[in-house]
Amino acid sequence: MSEAVVVAERFEELYGAEPEGVWAAPGRVNLIGEHTDYNDGFVMPFALPHTTVAAVSRRTDGLLRLHSDDVEGGVVELSLEGLTPEADRAWTAYPSGVVWALREAGHTAVTGADIHLTSTVPTGAGLSSSAALEVVVALALNDLFDLNLKGWQLARLCQRAENVYVGAPTGIMDQTASACCEAGHALFLDTRDLSQRQIPFDLAAEGMQLLVVDTQVKHSHSEGEYGKRRAGCEKGAALLGVDALRDVAYDELDAALDRLGDDEEVRRLVRHIVTENHRVEQVVSLLESGETRAIGPVLIEGHASLRDDFRISCPELDLVVDTAVASGALGARMTGGGFGGSAIVLVEATTADTITKAIEEAFAAAGFTAPRVFVAVPSAGARRVS
């Protein structure tokens, strides 16, 4: 029995009627380009096969009814008129925030909905479970209420929901990846103008794999450290007289750092963002030239920058990267917001099991919780499945 059928049957149990449709939106892994999105920079995510699935029907009475198989409790009923930022701090803030953002943007045709959700995207692992939840709700309502919004527009609205309604100062990458990625490709996204290019990324055809290692260390973007980094980047841009750190050219980085004087924290943040944008461009060039294995050292450099300049790694993430590289991986780095979550490891397919075992043994020796390891396959973005 397909997942769509199971979700639809569960919807009928909850709400007493079949849903009008079933939609899915994926989590994502970011290949390169970390914390550049809120600096108007470049990112390169791809969608995972892990998805949040929503069965949805329209309502016309101004009520929003929500249920998730992944959260204890029954159906939560909310009034559309009562949706306000910061009024909801439960899991329901993510889907209700999307409804709020749609209506605030003038899409008052959205008059309510019954929604049932389930997800296979690991939470707290830096794989954008919240963006998948937002995007699947937005796409379903877009289809059901004939809003005719494009994927990038839905992503913008979902970002606003998370920034304003949920209160997490995230960039645009996660929602755009969930809404717009294509199977077998990584998405080269310019977060300033949202221009996109699908870059072929078929590792299996080249005898490679990309492992995701979930350290099981949980994090939350809405906690203060993420916001501190963002504020520091904005301070750096202001001191340099640019709209965003994206405007600092890589070959002008040394001069820019000199202008920042002895503010070492801001210097570190600026150095990471400028060099990370350059690394994204390097990876795009290498992939388009068919030099996929050559991206490995770029991934390693990216991790060092996140660890030493942005200072958002943790012992578990560092152990994954160090162990993987020492065991023969082509490259590795932490991915996601930081302070836990996941790392990615680029390997020859023939060495995947050996490197996985080495990581698991290193975690056991360090007394860490056993990591969860799986192969990341570039997958399709949000879509209707039934």
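For the structure, see preceding data.
Residues numbered from 1 in each chain as written. Predicted model: local features only at pLDDT ≥ 70, side-chain atom pairs only at ≥ 80, totals over all residues. Heavy atoms only, no water.

Here's the deal with the packing of helix H2 (residues 93–104) against helix H3 (residues 129–144)
H3 packs onto H2 with a crossing angle of 45 degrees between their chain directions and a minimal axis gap of 9 Å. The angle between the axes of H2 and H3 places the two elements in the oblique class. The interaxial crossing formed by H2 with H3 has right-handed handedness. For the pair H2 and H3, the contacting residues are Tyr94, Pro95, Val98, Val99 and Leu102 in the first and Ser130, Leu133, Glu134, Val137, Ala138 and Leu141 in the second. A class-by-class count of the residues in the contact of H2 with H3 yields 9 nonpolar, 1 polar and 1 charged. (Axes fitted to C-alpha atoms, helices over the stretch in contact; angles between N-to-C directions. Helix = DSSP H or I, 4+ residues; strand = E, 2+ residues; numbered from the N terminus. Parallel < 35°, antiparallel > 145°, perpendicular 65-115°, else oblique. Left-handed = near helix turned anticlockwise from the far one by under 90°. Contact = heavy atoms within 4.5 Å. Nonpolar A, V, L, I, M, F, W, Y, C, P; charged D, E, K, R; others polar.)

Observations concerning the nonpolar core
The nonpolar side chains of a soluble globular protein tend to be buried with one another. One finds Val56, Leu64, Leu102, Ile115 and Leu141 to be the most contacted residues of the largest nonpolar core, which totals 50 residues. At 9 residues, H3 tops the list of elements feeding residues into this core. Core analysis: the next-biggest nonpolar cluster, separate from the first, contains 36 residues, Tyr226, Val248, Val321 and Ala352 among them. (Core = buried A, V, L, I, M, F, W, Y, C linked by side-chain atoms within 4.5 Å. Buried < 20%, exposed > 50% of the residue type's maximum accessible area, 1.4 Å probe, protein only.)

Remarks on the sheet that holds strand S8 (residues 208–214)
A sheet is described by the order of its strands in space; here 4 strands give the open sequence S9-S10-S8-S11, paired in antiparallel fashion. The open sheet has two edge strands with one neighbour each: strand S9 (331–335) and strand S11 (372–375). Direction aside, the axes of adjacent strands within the sheet are offset by 25 degrees on average. Pairing of S8 with strand S10 (residues 342–348) involves 7 bridges; the strand directions are antiparallel. When the bridges of S10 are listed, Asp214 appears paired with Ser342. Here helix H9 (residues 296–308) sits on the sheet in contact with S9 and S10, set at roughly 40 degrees to S9. (Pairing = 2+ DSSP bridges.)

Quick word on the pattern of salt bridges
The tally for this structure, following the rule as stated, stands at 23 salt bridges. A salt bridge links Lys235 to Asp263, with the nearest nitrogen and oxygen atoms 3.1 Å apart. Residue Lys235 is located in helix H6 (residues 224–240), and its partner Asp263 is located in the loop between helix H7 (253–259) and helix H8 (264–288); the two are separated by 28 residues in the primary sequence. Take Asp263: its relative accessible area is 21%, and that puts it in the partly exposed class. Linked by salt bridges that have partners in common, Arg59, Asp61, Arg65 and Asp114 make up one network. (Salt bridge = Lys/Arg side-chain N within 4 Å of Asp/Glu carboxyl O.)

A short note on the pairing of strand S3 (residues 63–68)
For S3 and strand S4 (residues 76–79), the ladder comprises 4 bridges, and the chain directions are antiparallel. Each bridged residue has a counterpart across the sheet, and for Leu66 the counterpart in S4 is Val76. Judged from the 5 bridges that link them, S3 and strand S5 (residues 113–119) form a sheet pairing that is parallel. When the bridges of S5 are listed, Leu66 appears paired with Ile115.

Some points on the state of the cysteines
By definition, a disulfide is the covalent link that joins the sulfur atoms of two cysteine residues. Following the criterion strictly, the structure yields 0 disulfides and no others. Here Cys233 stays unpaired: no disulfide links it, and the sulfur of Cys314, its closest cysteine neighbor, is 20 Å away. (Disulfide = S-S within 2.5 Å.)

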